[in-house]
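# Structural features, examined
One-letter residues, chain by chain:
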Amino acid sequence: MAILMAGGAGYIGSHVCKMLYEKGYEVIVYDNLSHGFKNFVKWGEFVPGDISDEKLLDNIFKNYEIDAVMHFCAYIEVGESVIDPQKYYINNVESTLILLKTMLKNGIKKFIFSSTAAVYGLPEKIPIKEDDPKQPINPYGKSKWMIEQILEDYDKAYGLRSIRFRYFNAAGADESGEIGEAHKPETHLIPLIFDAALGVRENIKIFGTDYDTRDGTCIRDFIHVNDLADAHIKGLEYLLSGEGTNYFNLGSGEGYSVKEVIEKVKEITKRDFEVIETDRRPGDPPYLIADSEKASKVLGWKPKYDLNMIIETAWNWHKKLRRIDR
Ligand code: UDP
């Protein structure tokens, strides 16, 4: 079985590549390295390229017998998507449509798509279930929800079977310490706290301490990247067994506040650093917690890592990060 991993050189994609490879799948990593890392491509063959390059994709689909495509390439910064929505709609929507078009042209009809909790916008109730209202509040979330809806239409019209995974807060790193969480630029909470712990940043800023939550800071559901990878394997097996299109939340079901995460990092790293309370970041919902019962019932998926393990594995990798060019 050969899987094309679009965006396989990124944080989540590379962890899924490793797990697929270890399970005996043939892995082809397709990535333009705009946000991915060449040294994350350790499992499978690397083909540099962009998902908007129809000709190159066509060649790949003709030269390799691809059974399914997993798609991780997207711009993911909420704030930037508000300032420059065109960038998001062109990459996350238009380029994805080219990828899908080229798949269909070559008769490839199994697709796994990285979606996000951002499709829910400001949730009306917690924990969030898959069929709760989708009211994304920024172009990033909208771009993901657009593709989700398009995938429903493509299923009906063309028989394209897809799984959409709505990730909550992906975090942690592979236990080997070979790959971990890195983004260009880094905007995510846990890596930024580590940078403060390492003295690479002067401090960590808390965006908003006046939310209606237990300590005034936002509550998030952190899910280990290898738990996400495991869900992708299960989703793939589900599609390969002939099951149809489906969509799942992927979260731990546990919520931790920004302050609690900072305290936990201090405890695990045994380092102290300055914490500054600042204004809210626009577009942050106070609570995002997943109900992942559906993934458990349908796919038999259960997260294995808790917040301690997430921070320990992430720290283990992040300490070495400075050797990696980003
Ligand atoms: N956050 C923060 N300081 C930072 C980065 C993030 O207080 O330097 C907060 C952010 O406002 C949100 C939570 O941490 O409430 C998680 O943010 P992140 O960007 O990691 O993920 P998101 O929830 O946006 O997907």
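That block above? That's the structure.
Presented here is a report on the structure given in the accompanying data block. No experiment lies behind these values; they were computed from the predicted model shown.

### What about the sheet that holds strand 14 (residues 287–288)?
Spatial ordering of the open sheet is given by 12-9-14, a layout of 3 strands whose pairing is mixed. Both edges of this open sheet fall to strand 12 (256–257) and strand 14, since each of them pairs with a single strand only. Alignment of strand 9 (residues 219–220) against strand 14, held across 2 bridges, turns out to be parallel. Within strand 14, the position partnered with Ile219 by the bridge is Tyr287.

### Side note on the side chain of Asn91
Counting through the fold element by element, Asn91 comes out in helix 4 (residues 85–105). Judged by its relative accessible area of 12%, Asn91 falls in the buried class. A distance of 3.0 Å separates polar atoms of two side chains, one belonging to Asn91 and the other to Asn92. Among residues more than four places away in sequence, those in contact with Asn91 are Ile51, Cys73, Ala74, Tyr75 and Thr96.

### With respect to helix 5 (residues 139–158)
A rise of 1.5 Å per residue sets the reference length of helix 5, with its 20 residues, at 28 Å; its end C-alpha atoms lie 27 Å apart and thus fit the reference within 8%. On its buried face, helix 5 is in contact with helix 3 (78–83), helix 4, strand 5 (110–116) and strand 6 (161–167). Looking at the residues trailing helix 5, positive phi occurs at Gly159, about 70 degrees.

### Here's the deal with the site of the ligand
As a matter of local geometry, the ligand sits amid 14 residues, with Leu189, Lys205, Arg220, Arg281 and Asp284 nearest to it. Residue Arg220 places a side-chain N or O atom 2.8 Å away from an oxygen atom belonging to the ligand. Here an oxygen atom of the ligand sits 2.5 Å away from a polar atom, N or O, in the side chain of Asp284. About the coverage of the ligand: the protein hides 88% of its 510 Å² of free accessible area. Secondary structure elements with two or more residues in the shell around the ligand: helix 6 (189–198) and strand 8 (203–207). Top contributing element to the shell around the ligand by residue count: strand 8, with 4 residues.

Definitions and limits used
- Residues numbered from 1 in each chain as written.
- Predicted model: local features only at pLDDT ≥ 70, side-chain atom pairs only at ≥ 80, totals over all residues.
- Heavy atoms only, no water.
- Pairing = 2+ DSSP bridges.
- Helix = DSSP H or I, 4+ residues; strand = E, 2+ residues; numbered from the N terminus.
- Buried < 20%, exposed > 50% of the residue type's maximum accessible area, 1.4 Å probe, protein only.
- Polar contact = N/O pair within 3.5 Å; in protein donor to acceptor, adjacent residues only side chain to side chain.
- Contact = heavy atoms within 4.5 Å.
- Expected span 1.5 Å × (residues − 1).
- Near = heavy atom within 4 Å.
- Areas by Shrake-Rupley, 256 points an atom, 1.4 Å probe, with all protein chains shown as cover.

Bear in mind that shape data such as this cannot, by itself, settle questions of function.
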